Amino acid sequence: MGSSEERIVAVIMVGGPTKGTRFRPLSFNVPKPLFPIAGQPMVHHPISACRRIPNLAQVYLIGFYEEREFALYVSAISNELRVPVRYLKEDRPLGSAGGLYSFRDYILEENPSHIFLLNCDVCCSFPLPEMLDAHKDYGGMGTILVIKVSAESANQFGELVADPVTKELLHYTEKPETFVSDLINCGVYIFNPEIFKAIQDSFTQRKDRGMPQETNLRRTTSFEALQSATKALPADYLRLDQDILSPLAGKKELYTYETRDFWEQIKTPGMSLKCSGLYLAQYRHTSPHLLSRSKGSRSATIIDDVYIHPSAKVHPSAKIGPNVSISANARIGAGARLISCIILDDVEIKENAVVIRSIIGWKSSIGKWSRVQGEGDYNAKLGITILGESVAVEDEIVVINSIVLPNKTLNVSVQEEIIL
């Protein structure tokens, strides 16, 4: 097929409400994929990256949130990026391969030559055009984006072994108990349409085997653990990693493309704050118009990199940045100091208040001379401070390394507490 005839489809897995528990209390208000990171919904970043794919015909979002939760966003992003985006709702969790397969008729409607598969909670520079070129050179069924990490952290991910010359995937194991490799799966793929036959073959083999319990040692996902405590996984639940990638490794079907840029998983609110900083820094190269700049004495002092929504009001004597994202209708008072934080819609930060390494929830308020701060361990449960929706911190109160659930008023200082 010539390049002028190619049509490429992108699929982004967005999960569903049962997967957002680690994102509370922020996921009480919006589906996790729509939580703003660097001023844009989380899912906006992979969708925006898909726009750089040549001959892109369609973007599908697959998940098990209610369709109404995505309807407005899908309509807005399709118009803004001029890329057709469609949300496809699963009846229940089917796994990444099962979900992809269940909507194969939609995905194949465009008669695509290639199919990108991305995960919504991945934060990276998404080198998709480069992956496509490499995939065509390899000539296999699929190509996986990979990255090298520390040996200590590798077992939190899918570890793999690739041929250093040909880049063929030789071995794949998901979250192994013993160290296999410092090369891990980034959760970004490109496949030929033959992937659907491979998934169908996996279903067939499972039926032939009578779906026995797996014998390889590995840690299960929370969904799998819940299912195994009650009943077997659904017959049409199929994971891309264990059920498809592992069996195909070493058969000249799968290859790897290594990124040397940033990569993180957005599993917790702390990681969303870290990733907000990564995306803000990326804006310098991809979307400089989204970054705010100081404009003399009539505007606030801005220290790179900062996003401020056009409807937000920031006092000229405030000092903002680095790594700050301020959402719609926020009000930042005189002398306020903001460092490494996400300020959500309709928040008020009053005079001389300080917010550092924190996420301030919708419609919350921080009183005069108050201080809301986290130590910045993005992986720790209390590594940053998180205020849920409509939390009021009164004047001259200090909140350190704490999580405050919605609709609370703090009139005493707290440290390393979860306020229920």
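The structure presented is a predicted model; accordingly, all values stated were derived computationally and were not measured.

## Regarding the confidence of the model for the protein
So, step 1. A residue-level look at the protein finds 92% of positions with pLDDT of 70 or above and a mean pLDDT of 90.
So, step 2. Counted against residues more than four places away or in other chains, residues 212-231, with its pLDDT under 50, gives 23 contacts.

## Some remarks on unusual backbone geometry
So, step 1. The step from R24 to P25 runs through a cis peptide bond, and the omega angle for that step is 5°.
So, step 2. Assignment of secondary structure puts P25 in the loop between β1 (8-15) and β2 (36-37).
So, step 3. The linkage connecting D304 with the following residue, D305, adopts the cis geometry, with an omega of -5°.
So, step 4. Tracing the backbone shows D305 in the loop between β14 (301-302) and β15 (306-308).
So, step 5. Positive phi values are uncommon outside glycine, yet K363 reaches one of about 65°.
So, step 6. Tracing the backbone shows K363 in the loop between β22 (354-360) and β23 (365-366).

## Observations regarding helix α8 (residues 240-248)
So, step 1. Of all 9 residues making up α8, 7 are buried, and the element is well covered by its neighbours.
So, step 2. Taken together, the buried positions of α8 are occupied by L240, D241, Q242, D243, I244, L245 and L248.
So, step 3. Taken from the residues just after α8, G250 is the one with a positive phi, measuring 80°.

## Some points on the pattern of salt bridges
Two side chains of opposite charge can pair, provided their charged atoms sit close to one another.
So, step 1. Under the defined criterion, the tally for this structure stands at 14 salt bridges.
So, step 2. For E6, the salt bridge goes to K136, with nearest N and O atoms at 2.9 Å. Of this pair, E6 sits in the segment before β1 while K136 is found in helix α5 (residues 128-138), placing the two residues 130 residues apart along the sequence.
So, step 3. In this structure E6 comes out as buried when scored by relative accessible area, which is 7%.
So, step 4. Judged by relative accessible area, K136 falls into the partly exposed class, the value being 37%.
So, step 5. The shortest N-O distance in the salt bridge between E389 and K363 comes to 3.9 Å. Within this pair, whereas E389 is found in the loop between β25 (385-387) and β26 (392-393), its partner K363 is found in the loop between β22 and β23, the two being separated by 26 residues in sequence.
So, step 6. Connected through shared salt-bridge partners, K32, D121 and K267 make up one network.

## Describing the environment of P31
So, step 1. The residue P31 is located in the loop between β1 and β2 in this model.
So, step 2. With a relative accessible area of 8%, P31 lands in the buried category.
So, step 3. Taking the C-alpha atoms as reference points, P31 and F116, 85 residues apart in sequence, are found 23 Å from one another.
So, step 4. Sequence-distant contacts of P31, that is, excluding residues within four places in its chain, are made with Y65, E69 and F70.

## Considerations on the state of the cysteines
So, step 1. On inspection of all chains with the given rule, the structure shows 0 disulfides.
So, step 2. This cysteine, C275, is not joined by any disulfide, and C123 carries the nearest cysteine sulfur, 3.5 Å off.
So, step 3. Relative accessible area serves as the criterion here: at 0%, C275 is assigned to the buried category.

## Some details on the side chain of S402
So, step 1. Relative to the helices and strands, S402 resides in the loop between β27 (398-400) and β28 (403-404).
So, step 2. Accessibility expressed as a relative area gives 0% for S402, which makes it buried.
So, step 3. Side-chain polar atoms of S402 contact the backbone oxygen of I400, separated by 2.8 Å.
So, step 4. Ignoring sequence-local partners within four residues, the contact set of S402 consists of L382, I384, T385, I386, V414, Q415, E416 and E417.

Rules of the game
- Residues numbered from 1 in each chain as written.
- Predicted model: local features only at pLDDT ≥ 70, side-chain atom pairs only at ≥ 80, totals over all residues.
- Heavy atoms only, no water.
- pLDDT = per-residue confidence, 0-100.
- Contact = heavy atoms within 4.5 Å.
- Helix = DSSP H or I, 4+ residues; strand = E, 2+ residues; numbered from the N terminus.
- Buried < 20%, exposed > 50% of the residue type's maximum accessible area, 1.4 Å probe, protein only.
- Salt bridge = Lys/Arg side-chain N within 4 Å of Asp/Glu carboxyl O.
- Disulfide = S-S within 2.5 Å.
- Polar contact = N/O pair within 3.5 Å; in protein donor to acceptor, adjacent residues only side chain to side chain.

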